[in-house]
Amino acid sequence: MIRKESFGKTADGKRATLYTMVNKNGMSVSVTDYGATIVSINTPDRNGVFKDIVLGFPSVSGYETTTDNFGGTIGRVCNRIEDHRTVIDGQEVILENNDNGNSLHSGSKSYNKMFFEVEAMGGEGEDSLEFSRLSPDGEQGWPGNLDMSVTFTLTDDNELILEYYAVSDKTTCISLTNHSYFNLNGHDSGNVFDHKVWINSEYFTPVSEKNVPDGTLTALDGTPMDFGTEKKIGDDILKFDYAPLAKPHGYDHNYVLAISPSPEEVELVATCYSEKTGRKLEVFTDLPGMHFYTGNWVEPENPVKENAGYGHYQGVCFETQHFPNACNVPSFPSMVYKAGEPFDSVTIFKFSVE
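One numbering rule holds for all chains: residues counted from 1, following each sequence as written. Only residues with pLDDT of at least 70 are given local features in this predicted model, and only at 80 or more are side-chain atom pairs given and counted; all residues enter the totals for whole chains, interfaces and linings. Each side-chain value is worked out from all heavy atoms of the structure, with water and hydrogens disregarded.

Colleague: Looking at this structure, how should I read the overall build of the protein chain?
Modeller: For the protein chain, the count of helices and strands is two helices and 27 strands. Atoms considered for the radius of gyration are the C-alpha atoms alone. The globule rule reads 2.2 Å times the number of residues to the power 0.38. Relative to the 2.2 N^0.38 estimate, which gives 20 Å for 354 residues, the radius of gyration of the protein chain is 19 Å and therefore close to what a compact globule would have. Each principal axis of the C-alpha atoms in the protein chain carries an extent, and together these give about 55 × 50 × 40 Å. Relative accessibility decides the category of a residue: with a 1.4 Å probe and only protein chains considered, values under 20% of the type maximum give buried, values over 50% give exposed, and everything between is partly exposed. Residue burial in the protein chain is summarised as follows: out of 354 residues, 58% are buried. Here, two residues are considered to be in contact whenever any of their heavy atoms come within 4.5 Å of each other. When contacts within the protein chain are restricted to residue pairs at least 6 apart in sequence, those whose partners lie at least 24 apart make up 66%. With the model as given, the accessible surface of the protein chain reaches about 13,900 Å², and the carbon-plus-sulfur share is 46%. Helix and strand definitions follow DSSP, with helices as H or I runs of at least four residues and strands as E runs of at least two, each counted in order from the N terminus. The Shrake-Rupley method, run with a 1.4 Å probe, gives the accessible areas here. Residue values count only the displayed protein chains as cover.

Colleague: For this particular structure, what's the right way to read the pairing of strand β22 (residues 267-273)?
Modeller: The two faces of a sheet get side chains in turn, since along a regular strand they alternate between them. Most of β22 sits inside the fold, with five of its seven residues counted as buried. In short, DSSP must find at least two bridges between two strands for them to pair. Here β22 runs beside strand β23 (residues 279-285); their pairing, made up of six bridges, is antiparallel. Along β23, the bridge assignment pairs C272 with L281.

Colleague: In this structure, what is going on with the side chain of D226? I would like to understand it.
Modeller: Along the chain, the position of D226 falls in the loop between β19 (218-219) and β20 (231-232). This count recognises Lys and Arg as positive and Asp and Glu as negative, with His and chain-terminal groups excluded. In the sections that follow, a salt bridge refers to a side-chain nitrogen of Lys or Arg positioned within 4 Å of a carboxyl oxygen of Asp or Glu. In this structure D226 is buried but unpaired, with K231 as the nearest side chain of opposite charge at 6.6 Å. In this structure, D226 is in contact with L220, D221 and K231, ignoring residues within four places of it in sequence.

Colleague: How should I be thinking about the layout of surface pockets in this particular structure?
Modeller: Here the idea is plain: a probe the size of a water molecule rolls over the atoms and shows the empty space left. Put plainly, a pocket is an open set of points on a 1 Å grid over the protein atoms alone with protein on both sides within 12 Å along at least five of seven lines, a cavity is a set where a 1.4 Å probe fits but cannot get out, and a lining residue has an atom within 4 Å of a point. Grid points are joined across faces, edges and corners, and a volume is the space filled by probe spheres set on the points. The computed volume of the largest pocket comes to approximately 1,100 Å³. Contributing to the lining of the largest pocket are 44 residues, with R80, D99, L104, N211 and D252 lying nearest its centre. Listed by contribution, the elements that provide at least two residues to the lining of the largest pocket are α2 (243-246), β21 (252-257) and β24 (289-293). If one sorts the elements of the lining of the largest pocket by residue count, β21 sits on top with three residues. Here the nonpolar group is Ala, Val, Leu, Ile, Met, Phe, Trp, Tyr, Cys and Pro; Asp, Glu, Lys and Arg are the charged ones; every other residue, Gly included, is treated as polar. Residues belonging to the lining of the largest pocket are distributed by class as follows: 13 nonpolar, 21 polar and 10 charged.

Colleague: Got a minute to help me understand the sheet that holds strand β17 (residues 196-199) in this structure?
Modeller: Paired through their backbone hydrogen bonds, the strands of a sheet run either parallel or antiparallel. In spatial order, the strands read β11-β12-β13-β14-β27-β23-β22-β17-β20; together these nine strands make up an open sheet with antiparallel pairing. Edge strands, defined here as strands with exactly one partner in the open sheet, are β11 (117-123) and β20. Note that strand β14 (residues 159-168) and strand β27 (residues 343-353) share eight bridges and pair antiparallel. Across the sheet, residue E159 finds its bridge partner in β27, namely K350.

Colleague: Hey, could you run me through the packing of aromatic side chains in this one?
Modeller: To describe a pair of aromatic rings, you give the distance between the ring centres and the angle between the ring planes. Each aromatic pair joins two rings of Phe, Tyr and Trp (for Trp, the six-membered one) with centres within 6.5 Å, and gets the label stacked for planes under 30 degrees apart, edge-to-face for over 60, and tilted for any other angle. Scanning the model with the defined rule gives 19 aromatic pairs in all. Aromatic side chains F131 and F152 sit 5.6 Å apart centroid to centroid with 85° between the ring planes, which places their arrangement in the edge-to-face category. Linking F131 in strand β12 (residues 126-135) with F152 in strand β13 (residues 146-155), this pair joins segments that are 21 residues apart in sequence. Looking at F131, the relative accessible area reads 0%, which means it is buried. Its relative accessible area of 0% is what places F152 among the buried residues. On the numbers, 5.1 Å between centres and 65° between planes, the contact of F182 with F349 is edge-to-face. A residue pair is termed long-range when its members are at least 10 positions apart, and F182 in the loop between β16 (177-178) and β17 and F349 in strand β27 qualify at 167 residues. Of the two residues, F182 and F349, both sit in the buried class. Among the aromatic residues, those joined into a cluster by ring pairs are F7, F57, Y63, F70, Y181, Y293 and Y310. Geometrically, a charge over a ring is one whose NZ (Lys) or CZ (Arg) sits within 6 Å of the ring centre while staying within 35 degrees of the ring normal. Seen from the ring of F227, K231 lies directly overhead, with NZ or CZ sitting 4.6 Å from the centre.

Colleague: In this structure, what is going on with the nonpolar core? I would like to understand it.
Modeller: Soluble globular proteins tend to pack their nonpolar side chains together in the buried interior. Working definition of a nonpolar core: buried Ala, Val, Leu, Ile, Met, Phe, Trp, Tyr and Cys residues. They are joined through side-chain atoms within 4.5 Å. By size, the foremost hydrophobic cluster in this structure holds 58 residues, and its most contacted members are I41, F152, L160, F292 and F318. Sort the elements by how many residues they give to this core and β13 lands first, with five residues. Leave out the neighbours within four places in its chain, and L160 touches M21, V29, I38, I41, F152, T153, T347, I348, F349 and F351. A16, Y34, Y181 and Y293 belong to the second largest nonpolar core, which has 17 residues in total.

Colleague: Looking at this model, I keep getting lost on unusual backbone geometry. Mind explaining?
Modeller: Note: most peptide bonds trans; most residues except glycine with negative phi. The step from G75 to R76 runs through a cis peptide bond, and the omega angle for that step is 5°. Of note in this structure, H105 is not a glycine but carries a positive phi near 60°.

If you want it as structure tokens, here you go:
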């Protein structure tokens, strides 16, 4: 079942729409056409009590001005690019400097600040919403007209499937992700320090003085960054004597996922569990990296849902992606796609109770 309702107006008077999918178990997912943004995910706890578990705003106006990217689809390239530039087919590409000399999420107007066309599709045991747009040649500085879409499918197995597809008529860079902040105790429940996390990774990509990966890898074993054995986020997050945690004030790092080099199917890469509520999130993807971010700097500029008063560390992100700055680091898996070569990727957020 898919519901459709008004989600307010942007500053220039354009109306936003909210689409809500509900499965047979009562789980619901709401997504708006502004930014192909996940606004809410309602799942039950071990006692069958439903709660919204993603941070967000009650109307489009909050999403229009926020810099926290709650729930948004991020592109053409997510994460940081050094010196806000790269070279494609011998031509220099200049991007917006919106992150202390770097480009973050392809500039201040990432895809989460743009409207999408929507097609709602119902099927046996699942509903889908396809959000699509044409990113014109030169948008954000990137070459090529890019036809892109992200399809959200809610199954009766309580899976939220995100299918990304994009193809350009020129060689370009592509790395799409979703920027949802999860709090399995409920979006208004304070910090996520009690959440237990496991990440299938042995290395992360450390950053230079410019705050972008330089091509090296650092082993996780024995460091506060290691989630190879499940542990609480709060166990090590404030160990600022470990340099990689000090500058970002917590986790804000790209993990090198221990999956097949060219996976034919998605693989389990992370889990997150709340002992308090029994809610569990499993993350599956076919992409080589995942940015793990614990909302270290979240301070919303506008009233949030239910006037919850979000602050630092109140949500955790699992942003599946190509490695940050991969367009400038030849040793990283490539995010460069030739004309006509599709970016075709799937990420799954699966919810359950233990």
